[in-house]
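Now for the letters of each chain:
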Amino acid sequence: MISRRKKVYGVIGLAISMLVSVAPPALAASTVTLYKDTTYQTIWGFGAAANHPVNELKTNYNATTQGQILDKLFRTDASNAGLSIVRMEINPYTAAQDAVQTTFMPSSGVTDWNTDLHQRWFAQEAKNRGMNQFYAVPWSPPGWMKTNGSPNNGGHLSTSQYDNFANYMKTYVNQYRNVFGFNIKWVSVQNEPDLATPYASAQYTTSELDQVSAKVADAVHSLNQGVLVGAPEGSNRTASNNYMNGFSVATRAKLDFVSVHDYSTYVDVNHYGKPLIATEVSNFQTANDPSITDGLKWANMIAADLKRGERGWLYWWAVNPAASTSGEGLINLGANNTYTVNKRLYVMGQFSRYLRPDDTRILASSSDSNLVAIGGKNGTGRASVVLINNSTSAITTTISGLTLANVSGRRTSAMEDLAKLTDIAVTGGAITVTLPGKSVTSYVEF
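Residues numbered from 1 in each chain as written. Predicted model: local features only at pLDDT ≥ 70, side-chain atom pairs only at ≥ 80, totals over all residues. Heavy atoms only, no water.

## Considering the overall build of the protein chain
Within the protein chain one finds 10 helices and 22 strands. Buried residues in the protein chain amount to 55% of all 446 residues. When contacts within the protein chain are restricted to residue pairs at least 6 apart in sequence, those whose partners lie at least 24 apart make up 72%. With an accessible surface of roughly 17900 Å², the protein chain has 52% of that area assigned to carbon and sulfur atoms. If you average the places of the 36 positive and of the 32 negative side-chain charges in the protein chain, the two averages end up 11 Å apart. (Helix = DSSP H or I, 4+ residues; strand = E, 2+ residues; numbered from the N terminus. Buried < 20%, exposed > 50% of the residue type's maximum accessible area, 1.4 Å probe, protein only. Contact = heavy atoms within 4.5 Å. Areas by Shrake-Rupley, 256 points an atom, 1.4 Å probe, with all protein chains shown as cover. Lys, Arg positive; Asp, Glu negative; His and termini not counted. Charge placed at Lys NZ, Arg CZ, Asp CG, Glu CD.)

So, in structure tokens, the structure goes:
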């Protein structure tokens, strides 16, 4: 028989135990607040390079596969990424040296526009899908302009060719814009001027690049078509910063933007009073990782760059050659008309679909350190937000600061690829949503 005292103590202990188990200390709810009146930079866009791999797509794959890949890259419907910039190489080789990456100017005073057919095909297919922003840059001037006589292995632009090279760049821009109809919005003076590589490359001292950049800027600007000229596009931000530090005040004034690559640790190059765009990065030294883990790596880099006021972000190749196993492409070409899509493309689409060219970044404040938020608005004031949940657990958050009646959204996660979500009605300027762990979700008002 249990004594009355033991029964009373037992009941009290049970009550206390239940109280403790069902009423833990309250935690602050997660919130994301959009401030449409707090504005930052204009968005230029998101994209990748064409270069020689698109010749493989053009030549070795049937029209069905080509269409599927091109849709995935550039269309803005369904689960397509809607990329908004293509980076194109201004080719340096003679036809005898390379039948694909052939220059339009094989010798002084001679032009041949029956060249670059692979990139022009790719550019036209992008245009057919609503994309018409192109970024052009040479990996090397043609060999006849250089000290080593070759597009490869570094070498320098001969001082006697500075004016010819500036005219060469102007001629390319004019032809591609006004004859071929490709909207070259940005032109950069040289890809990775700090490196000499076995493939197309050219090295510049700071003094050389200073002089050449000024001449290219003057030549391209003389077209009076609003084409922006940038430099120095070093192989990493340190190299770019070193060049910018050494440029004359006059040359820096002529440049319209600063271009950087991200193959090293972050260094601030965003303090010269110029718009900045990151134009190349990839996993070129490692085996391809198609997973959401890799996707989140790049999502967080994009978000960090945007929060620093940068205008756009480009991966390396749009398509990775079938013979390559590296992580250099957004889509990996395979054998027999096959291909695979990496999560990094879908993650880029979470930005590119919801932060369109000429949108303005707005303040998006997140109360949860695991939840990264990037906000934007278009010219009509319609807001969008990209949310990165870096936690392994789901996060429920309330998004406020909305002014339209509804939002639509898409999500990329381990199991989703820009998947369409159910539309949500806005109540009191807010919605409450649950974001799965390790995911990127984007919403836009309508």
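## Quick look at the UniProt feature "domain: Endo-beta-1,6-galactanase-like" (unreviewed entry) in the protein chain
Under the local residue numbering, the UniProt record ascribes the feature "domain: Endo-beta-1,6-galactanase-like" (unreviewed entry) to residues 34-225. With 34% helix and 16% strand, the stretch residues 34-225 has end C-alpha atoms that lie 36 Å from each other. (UniProt positions renumbered as here; feature names shortened; annotations may be inferred.)

## Observations concerning the pairing of strand 1 (residues 30-42)
In terms of strand pairing, strand 1 meets strand 17 (residues 395-400) through four bridges, oriented parallel. The partner of Thr33 across the bridge, within strand 17, is Ser400. (Pairing = 2+ DSSP bridges.)

## Describing the environment of Ser365
Within the element layout of this structure, Ser365 appears in strand 14 (residues 360-366). With residues near it in sequence (within four places) discarded, Ser365 still touches Thr31, Val32, Thr33 and Tyr35.

## Let's talk about the nonpolar core
Counting 101 residues, the largest nonpolar core has Phe122, Phe165 and Phe351 as the members making the most contacts within it. No other element matches helix 5 (residues 162-178), which puts eight residues into this core. Not counting the four nearest positions on each side in its chain, Phe122 is found in contact with Ala50, Val54, Leu57, Leu70, Leu73, Phe74, Val86 and Ala318. Within the second largest apolar cluster, 19 residues are counted, among which are Ala373, Ala383, Ile395 and Val426. (Core = buried A, V, L, I, M, F, W, Y, C linked by side-chain atoms within 4.5 Å.)

## Regarding the side chain of Arg87
The topology assignment puts Arg87 in strand 3 (residues 85-90). A polar contact is formed between the side chain of Arg87 and the side chain of Asn191, at a distance of 2.8 Å. A polar side-chain atom of Arg87 sits 2.9 Å from a polar atom in the side chain of Glu280. (Polar contact = N/O pair within 3.5 Å; in protein donor to acceptor, adjacent residues only side chain to side chain.)

## Notes on helix 10 (residues 343-352)
Of all the 10 residues making up helix 10, 10 are buried; the element is thus mostly covered by neighbouring parts of the structure. Among the residues of helix 10, Lys343, Arg344, Leu345, Tyr346, Val347, Met348, Gly349, Gln350, Phe351 and Ser352 are the ones counted as buried.

## So, the packing of aromatic side chains
Per the stated rule, a full pass over the model turns up 23 aromatic pairs. An angle of 85° between the planes, with centres 5.0 Å apart, marks the rings of Tyr176 and Phe180 as edge-to-face. The pair formed by Tyr176 and Phe180 is uniform in burial state, with each residue classed as buried. Relative to Trp313, the ring of Trp298 lies with its centre 6.0 Å away and its plane at 50°, an arrangement referred to as tilted. (Phe/Tyr/Trp six-rings, centres within 6.5 Å; stacked < 30°, edge-to-face > 60°.)

## Overview of the environment of Phe134
Within the secondary structure, Phe134 sits in strand 4 (residues 134-138). Distance from Phe134 to Ala123, taken between C-alpha atoms, is 8.2 Å for residues 11 residues apart in sequence. The contacts of Phe134, once residues within four sequence positions are left out, are Val86, Met88, Ala123, Lys127, Phe182, Asn183, Ile184, Lys185 and Trp186.

## With respect to the pattern of salt bridges
In this structure the tally under the stated criterion is 17 salt bridges. One salt bridge in this structure joins Asp77 and Arg75, with 2.5 Å as the shortest N-O distance. Take Asp77: its relative accessible area is 33%, and that puts it in the partly exposed class. Owing to a relative accessible area of 33%, Arg75 belongs among the partly exposed residues under this scheme. (Salt bridge = Lys/Arg side-chain N within 4 Å of Asp/Glu carboxyl O.)

## What about the pairing of strand 14?
Taken together, the six bridges between strand 1 and strand 14 define a ladder with antiparallel strand orientation. By the bridge assignment for strand 14, Tyr35 is matched with Leu363. Of the pairings in the sheet, the one linking strand 14 to strand 15 (residues 371-377) comprises three bridges and is antiparallel in character. Residue Ile362 lies in a different strand from strand 15, and its bridge partner there is Gly375. Where strand 14 folds back onto strand 15 in an antiparallel hairpin, the turn is made up of four residues.

## Quick look at the packing of helix 3 (residues 63-74) against helix 4 (residues 117-128)
As a packed pair, helix 3 and helix 4 sit with axes 10 Å apart at the nearest point and diverge in direction by 60°. Between helix 3 and helix 4 lies a crossing whose hand is right-handed. Contacts from Gln66, Leu70, Leu73 and Phe74 in helix 3 reach Trp121, Phe122, Glu125 and Ala126 in helix 4. For the contact of helix 3 with helix 4, the per-class residue count stands at six nonpolar, one polar and one charged. (Axes fitted to C-alpha atoms, helices over the stretch in contact; angles between N-to-C directions. Left-handed = near helix turned anticlockwise from the far one by under 90°. Nonpolar A, V, L, I, M, F, W, Y, C, P; charged D, E, K, R; others polar.)

## Digging into unusual backbone geometry
The omega angle of the peptide bond from Ala231 to Pro232 is 0°, so this bond is cis rather than trans. Summarising the element assignment, Pro232 is placed in strand 6 (residues 228-234). Positive phi, normally seen in glycine, also occurs at Asn224, with a value near 55°. Inspection of the secondary structure puts Asn224 in the loop between helix 6 (206-221) and strand 6. For Asn224, a relative accessible area of 70% puts it in the exposed group.

## Quick look at helix 3
Residues lying three or four places apart along an α-helix face the same way, a consequence of the helix completing one turn every 3.6 residues. Spanning 12 residues, helix 3 covers 16 Å between terminal C-alpha atoms, matching the ideal 16 Å at 1.5 Å per step. Buried residues of helix 3: Thr65, Gln66, Gly67, Ile69, Leu70, Lys72, Leu73 and Phe74, and no others. Taking the backbone nitrogen of Thr64 as reference, a side-chain oxygen 3.2 Å away marks Asn62 as the first, capping residue of helix 3. (Expected span 1.5 Å × (residues − 1).)

## Some details on the side chain of Asp294
As for its position among the elements, Asp294 is in helix 9 (residues 292-307). On the basis of relative accessibility, which here comes to 3%, the residue Asp294 falls in the buried class. Of note is the side chain of Asp294, whose polar atom sits 2.9 Å from the side chain of Arg344. When neighbours within four sequence positions are excluded, Asp294 is seen to be in contact with Asn283, Asp289 and Arg344.

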